[in-house]
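# Residue-level structural notes
Read off the chains here:
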Amino acid sequence: MNEGRADVLVIGAGVVGLSVAYFAALKGAKVLILEKGEVGSGSSSGNAGLLVHSYFEPLPAPGIITEAVRGLFGSEGFFRIQPRFDPSFLFWLLRFSRFCNPRDFEAHSRLLTKLNNEALGIHLDFAARGGESYEFSRKGLLFLYINNRRWEESQRRALRASEFGLETQILSGDEARHEEPALGERVVGGVRYLSDAGLNPLRFIEWLARSASALGAGIMPHCEVYGFRASGKKLRSVLTTKGEFQGDQVVLAAGAWLKGLGRRLGVHLPVEGGKGISQTFRAPPASLMQPLILDEHHVAVSPLSGALRVTGLLELSGTDLSIRQRQVEGIRQASGLYLPVLKTMTPNDVWRGLRPCTPDGLPLLGKLKAWNNVFVAGGHDTKGMTLGPLTGELMSRLLEGREPREYGKELSPGRFGA
């Protein structure tokens, strides 16, 4: 195809952008992906690599604002807000707080359950074709507890999950240690969600990029978007550091940078960056049989080939990518309460990325009202690896002029006036 022209221009080469490109190219479209860094260099490559079929709860939840306030004064809190004076962020926080109620929490949990069910099917199809190359495994996900009260609460959540069709197992502390000998004596119990899976996120992104390329999609790394040309309500071209590109349809899939792109188009996209930090330990002295969630501290521990990855924190910090030593050490020390071997280990790699977060905890998927040919796909917070491929499949339907099944209204950016 003409290198500067495509049927579909996709801005962003993370899991969502690559999935959009894959499914659009699968249906015969000429696709070009524009990525300001390397493929997967945003939040897609260094995350926990968990496909959390069981993670059906949205980020805005009753009590989470209290947790954010506590996080201002300690190093172990999961959800934090980096204070800054930014009117659009303050408005985002106000919207977020309004969704932290039981009614919306329940309704959005049910919607996310439906999305997770569909997403798992696509991941299993992908894994049947390429899973070995990206270390796909479906061993479930074990949530662990060091506090009896929280373990009892987790069993009530497991009962609720069973009402959503999820299969779980309750384990005592001794049963959990029998399965994972590296667990410490402080672990009082756990709940395993049997349908969850794991993968190596960087390897998966590389496989997805190769698969999209094999279908004819082009990928332009180090190609940063800085402007647009339009005629009326139609976007004519995208201006980048590597030239001008034209597309009949344009999909914004730039993760935490969606708000900035929307601003250039005169549209407010309510997406805030939620910083996460991962630490990878090469050749650890203890191996794990399955991924773990250290639930009271909201830390994920993922076994990779010859390594362990520990991931934690969600700090609303805009596009600030700075790393603070106390945060890195706080995540490791919290992990050591469950896995004592980690207390004295030093990570070989420390990574951070920004999860794109919406005020209601649901993704953005749909066409922008102000434009005839511009679409947005993003805002998955910590569920991007799980829901990314499904988002690509649903977006391919939108690009064909069809509705994304029953999700059109509930996920549309129009719910925020965009």
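Now for a look at the structure at hand. Nothing here was measured: the structure is a model prediction, and the numbers come from that model. (Residues numbered from 1 in each chain as written. Predicted model: local features only at pLDDT ≥ 70, side-chain atom pairs only at ≥ 80, totals over all residues. Heavy atoms only, no water.)

We now examine the overall build of the protein chain. Counting its secondary structure elements, the protein chain contains 11 helices and 19 strands. Considering only C-alpha atoms, the protein chain reaches an extent of 65 × 45 × 40 Å along its principal axes. The contacts of the protein chain with a sequence gap of at least 6 include a subset with a gap of at least 24, amounting to 76%. Taken as a whole, the protein chain presents about 16,500 Å² of accessible surface, with 52% of it coming from carbon and sulfur. (Helix = DSSP H or I, 4+ residues; strand = E, 2+ residues; numbered from the N terminus. Contact = heavy atoms within 4.5 Å. Areas by Shrake-Rupley, 256 points an atom, 1.4 Å probe, with all protein chains shown as cover.)

Let us now look at the packing of helix α4 (residues 102–130) against helix α10 (residues 384–399). Remark: α4 packs on α10, axes separated minimally by 8 Å, with the N-to-C direction vectors making an angle of 85°. Judged by the inter-axis angle, α4 sits roughly perpendicular to α10. Where α4 approaches α10, its residues Leu 112, Leu 115, Asn 116, Glu 118, Ala 119, Ile 122, His 123 and Phe 126 are matched on the opposing element by Met 385, Thr 386, Leu 387, Pro 389, Leu 390 and Glu 393. Here the residues of the contact of α4 with α10 are counted per class, giving nine nonpolar, three polar and two charged. (Axes fitted to C-alpha atoms, helices over the stretch in contact; angles between N-to-C directions. Parallel < 35°, antiparallel > 145°, perpendicular 65-115°, else oblique. Nonpolar A, V, L, I, M, F, W, Y, C, P; charged D, E, K, R; others polar.)

Attention shifts here to the nonpolar core. Most often, soluble globular proteins keep nonpolar side chains buried together rather than apart. In this structure, Phe 126, Phe 204, Val 251 and Met 395 are the most contacted members of the largest nonpolar core, which totals 47 residues. When contributions to this core are tallied by element, the ones reaching two or more residues are β1 (5–11), α1 (15–26), β2 (31–34), α4, α7 (201–214), β19 (374–378) and α10. Excluding anything up to four places from it in sequence, Phe 204 contacts Val 15, His 123, Phe 126, Tyr 134, Leu 199, Met 385 and Pro 389. By size, the runner-up hydrophobic cluster in this structure holds 28 residues, among which are Cys 223, Phe 245, Ala 254 and Val 376. (Core = buried A, V, L, I, M, F, W, Y, C linked by side-chain atoms within 4.5 Å. Buried < 20%, exposed > 50% of the residue type's maximum accessible area, 1.4 Å probe, protein only.)

Inspection of the secondary structure puts Phe 416 in the segment after α11 (408–411). Judged by its relative accessible area of 11%, Phe 416 is buried. For the pair Phe 416 and Leu 111, spaced 305 residues apart in sequence, the C-alpha to C-alpha distance is 18 Å. Setting aside its immediate chain neighbours within four residues, Phe 416 contacts Arg 95, Phe 99, Pro 270, Pro 359, Asp 360 and Leu 364.

Okay, the pairing of strand β12 (residues 243–252) next. Looking at chain direction, β1 and β12 are connected through six bridges and run parallel. Following the sheet pairing, Ala 6 is matched in β12 by Gly 247. Between strand β11 (residues 234–240) and the antiparallel strand that follows it, β12, lie two residues. Bridge analysis of β12 against β19 gives three bridges, and the strand direction is parallel. Bridged to Val 251 within β19 is Phe 375. (Pairing = 2+ DSSP bridges.)

Tracing the chain through its elements places Ser 396 in helix α10. In this structure, the C-alpha to C-alpha distance between Ser 396 and Phe 91, residues 305 residues apart in sequence, is 32 Å. One polar contact links the side chain of Ser 396 to the main-chain carbonyl oxygen of Glu 393, over a distance of 2.6 Å. (Polar contact = N/O pair within 3.5 Å; in protein donor to acceptor, adjacent residues only side chain to side chain.)

All right, on to unusual backbone geometry then. The phi torsion at His 222 lies on the positive side, around 50°, for a residue other than glycine. If you check the backbone angles, Ala 283 has positive phi at about 45° while not being a glycine. In this fold, Ala 283 is placed in the loop between β13 (272–282) and β14 (292–294).

With that settled, the discussion passes to the packing of aromatic side chains. Centre distance and the angle of the planes are the two values used to describe a pair of aromatic rings. Taken as a whole and judged by the stated rule, the model has 13 aromatic pairs. Judged by centre distance (4.9 Å) and plane angle (70°), the ring pair of Tyr 134 and Phe 204 falls under edge-to-face. Highlighted residues: Tyr 134 in the loop between α4 and β5 (141–145) and Phe 204 in helix α7, separated in sequence by 70 residues. The two residues Tyr 134 and Phe 204 agree in class, both being buried. Taken together, the ring pairs connect Tyr 22, Phe 23, Phe 126, Tyr 134, Phe 204 and Trp 207 into an aromatic cluster. Above the ring of Phe 89, the side-chain terminus of Arg 84 is found at 3.7 Å from the ring centroid. Over the face of the ring belonging to Phe 143 we find Arg 157, whose NZ or CZ atom lies 5.7 Å from the ring centre. (Phe/Tyr/Trp six-rings, centres within 6.5 Å; stacked < 30°, edge-to-face > 60°. Lys NZ or Arg CZ within 6 Å of the ring centre and 35° of its normal.)

These figures come from the coordinates and say nothing about function on their own.
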